[in-house]
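Chain residues, written in single-letter form:
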Amino acid sequence: MQKFIDYFWKNVGFKYNPDQLHFFDWYHFSMMALMVLVFLGLLLIGKKIKNKERLLIVVAVLLFVLESLRVCNFYFAHNYTLFNSFTFHMCSIGVYVGIIAGLFRKNFIFEIMFVPAFIGGILAIVIPFGILQWWNIFSFVPIQSYLSHMLMVFMIIYAIKIDVFKVKIKRFYLQIISTTIFAIIIHFINIYKHRVSPSAYSNYFWTRYPDPMFPIINTWVFPYHFILLIILLLLSGFGAYYLVGKLHKEKKIKN
């Protein structure tokens, strides 16, 4: 049991290999397949229950529990400070807002949640460079991360499906404003963390400087790469928002 705890919870024995990205390998495909199964299982549950909105509350609670366990893991198992135990990636914002959205089920909260949660959630699952290669295979953090990202995406789709979240293209301005504000807040958090603890990670959403993973903009000075990231995120968010809304509308017409 102790060996399992060390491996699963404490990441004992892990050795970082920069050449092993787990991109579309057996491990990556296994994690994605597992998320698809959980996603379909939740859809089936949502179809069977009478009170459809109750599942959104359950998912919100699950997101809260998973995020709390992540903080506990960083704090107790890896000896991070309490502040450093919280993450501030754009998709992390999606988790925090998603918890509120699932509990209160207000349309404008889902609108604020959509871009960081839907785009960030899908990208993190399909492009696992920031997750899988840093931890033991099927250990706590990658499983927690994948589940949280999948639950965010599920919450968006399910809320639209049961008409709790009504997609209105003319209100996309709200997502432009909120996403830009989130990015600016993340940037100031990065600056603060870098000044207080230079050795701690302080480049959430790559606002402080480009990441080596993106060599095309790696020579761009601030704020040009930062502006490009926001523009790309909003453009992809608008495309996904329009497509999801259109598909839901067409399905309602057919039914």
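Procedures and definitions
- Residues numbered from 1 in each chain as written.
- Predicted model: local features only at pLDDT ≥ 70, side-chain atom pairs only at ≥ 80, totals over all residues.
- Heavy atoms only, no water.
- Helix = DSSP H or I, 4+ residues; strand = E, 2+ residues; numbered from the N terminus.
- Buried < 20%, exposed > 50% of the residue type's maximum accessible area, 1.4 Å probe, protein only.
- Areas by Shrake-Rupley, 256 points an atom, 1.4 Å probe, with all protein chains shown as cover.
- Lys, Arg positive; Asp, Glu negative; His and termini not counted.
- Charge placed at Lys NZ, Arg CZ, Asp CG, Glu CD.
- Salt bridge = Lys/Arg side-chain N within 4 Å of Asp/Glu carboxyl O.
- Axes fitted to C-alpha atoms, helices over the stretch in contact; angles between N-to-C directions.
- Parallel < 35°, antiparallel > 145°, perpendicular 65-115°, else oblique.
- Left-handed = near helix turned anticlockwise from the far one by under 90°.
- Contact = heavy atoms within 4.5 Å.
- Nonpolar A, V, L, I, M, F, W, Y, C, P; charged D, E, K, R; others polar.
- Expected span 1.5 Å × (residues − 1).
- Patch = residues over 30% accessible without salt bridge, like charges linked within 9 Å, V, L, I, M, F, W, Y side chains within 5 Å.
- Polar contact = N/O pair within 3.5 Å; in protein donor to acceptor, adjacent residues only side chain to side chain.

S.K.: Describe the overall build of the chain, naming the residues involved and giving the relevant values.
M.R.: For the chain, the helix and strand inventory stands at eight helices and zero strands. Put simply, the chain runs from its N terminus to its C terminus through helices and strands in the order α-α-α-α-α-α-α-α. Dimensions of the chain, computed from C-alpha atoms along their principal axes, come out at roughly 55 × 50 × 35 Å. Looking at the chain as a whole, 44% of its 255 residues qualify as buried. A total of about 14,000 Å² of accessible surface is found on the chain, and carbon and sulfur atoms cover 72% of it. When the 24 positive and 9 negative side-chain charges of the chain are each reduced to one mean point, those points stand 10 Å apart.

S.K.: Lay out the pattern of salt bridges in plain terms, naming residues and giving numbers.
M.R.: Tallied over the entire structure, the rule returns two salt bridges. We note a salt bridge from arginine 105 to glutamate 53, for which the minimum N-O separation is 2.8 Å. One end of the pair, arginine 105, is in the loop between helix H4 (90-104) and helix H5 (107-126); the other, glutamate 53, is in helix H3 (residues 52-77), and 52 residues separate them in sequence. Assessed through its relative accessible area of 24%, arginine 105 is described here as partly exposed. Accessibility expressed as a relative area gives 35% for glutamate 53, which makes it partly exposed. Here arginine 171 ties to glutamate 111 by a salt bridge, and the two come within 2.8 Å at their closest N and O atoms. Pair noted here: arginine 171 is in the loop between helix H6 (140-161) and helix H7 (172-196) and glutamate 111 is in helix H5, with a separation of 60 residues, a long-range link.

S.K.: Any details on the packing of H5 against H6? Residues and values, ideally.
M.R.: Helix-helix packing: each pair is described by the crossing angle between the helix axes and the interaxial distance. The interhelical angle for the contact between H5 and H6, taken along N-to-C directions, is 135°, at an axis separation of 8 Å. By the angle class used here, H5 and H6 are oblique. The hand of the H5/H6 crossing is left-handed. Judged by residue contacts, Phe110, Met113, Phe114, Ala117, Phe118, Gly120, Gly121, Ile122, Ala124 and Ile125 of H5 engage Tyr146, His149, Met150, Met152, Val153, Met155, Ile156, Ile157 and Ala159 from H6. In the contact of H5 with H6, the residues fall into 16 nonpolar, three polar and no charged.

S.K.: Lay out H7 in plain terms, naming residues and giving numbers.
M.R.: Relative to the 36 Å expected for 25 residues at 1.5 Å per residue, H7 spans 36 Å between its end C-alpha atoms, a close match to the ideal helical length. In this structure, the buried side of H7 is in contact with H4, H5 and helix H8 (224-254).

S.K.: Summarise the environment of glycine 237; cite the residues concerned and give the values.
M.R.: Along the chain, glycine 237 turns up in helix H8. Along the primary structure glycine 237 and valine 115 are separated by 122 residues, whereas in three dimensions their C-alpha atoms are 5.2 Å apart. For glycine 237, the contacting residues outside a window of four places in its chain are Phe114, Val115, Ile119 and Phe172.

S.K.: Which residues make up a positive patch on the surface, and what values do they have?
M.R.: Positive charge collects at one region of the surface, where Lys47, Lys48, Lys161 and Lys251 lie side by side. Tracing the backbone through its elements, the reader meets lysine 47 in helix H2 (residues 26-48).

S.K.: Requested: an account of a nonpolar patch on the surface, with residues and values cited.
M.R.: A grouping of Ile57, Val61, Phe64, Val65, Leu69, Ile100, Leu103 and Phe104 is seen on the molecular surface, where their side chains present a nonpolar patch of about 680 Å² in accessible area. Elements with a contribution of two residues or more to the nonpolar patch: H3 and H4. Residue contributions to the nonpolar patch peak at five residues, all from H3.

S.K.: Can you explain the side chain of serine 202? Please cite residues and give values.
M.R.: Among the secondary structure elements, serine 202 is positioned in the loop between H7 and H8. Judged by its relative accessible area of 3%, serine 202 falls in the buried class. Ignoring any residue separated from it by four or fewer positions in sequence, one finds serine 202 in contact with Asn190, Lys193, His194 and Arg208.

S.K.: Can you explain the side chain of asparagine 84? Please cite residues and give values.
M.R.: Here asparagine 84 is to be found in the loop between H3 and H4. Relative accessible area serves as the criterion here: at 16%, asparagine 84 is assigned to the buried category. Looking at asparagine 84, its side chain comes within polar contact range of the side chain of lysine 193, at 2.3 Å. Setting aside chain neighbours within four positions, we find asparagine 84 in contact with Lys193 and Ala200.

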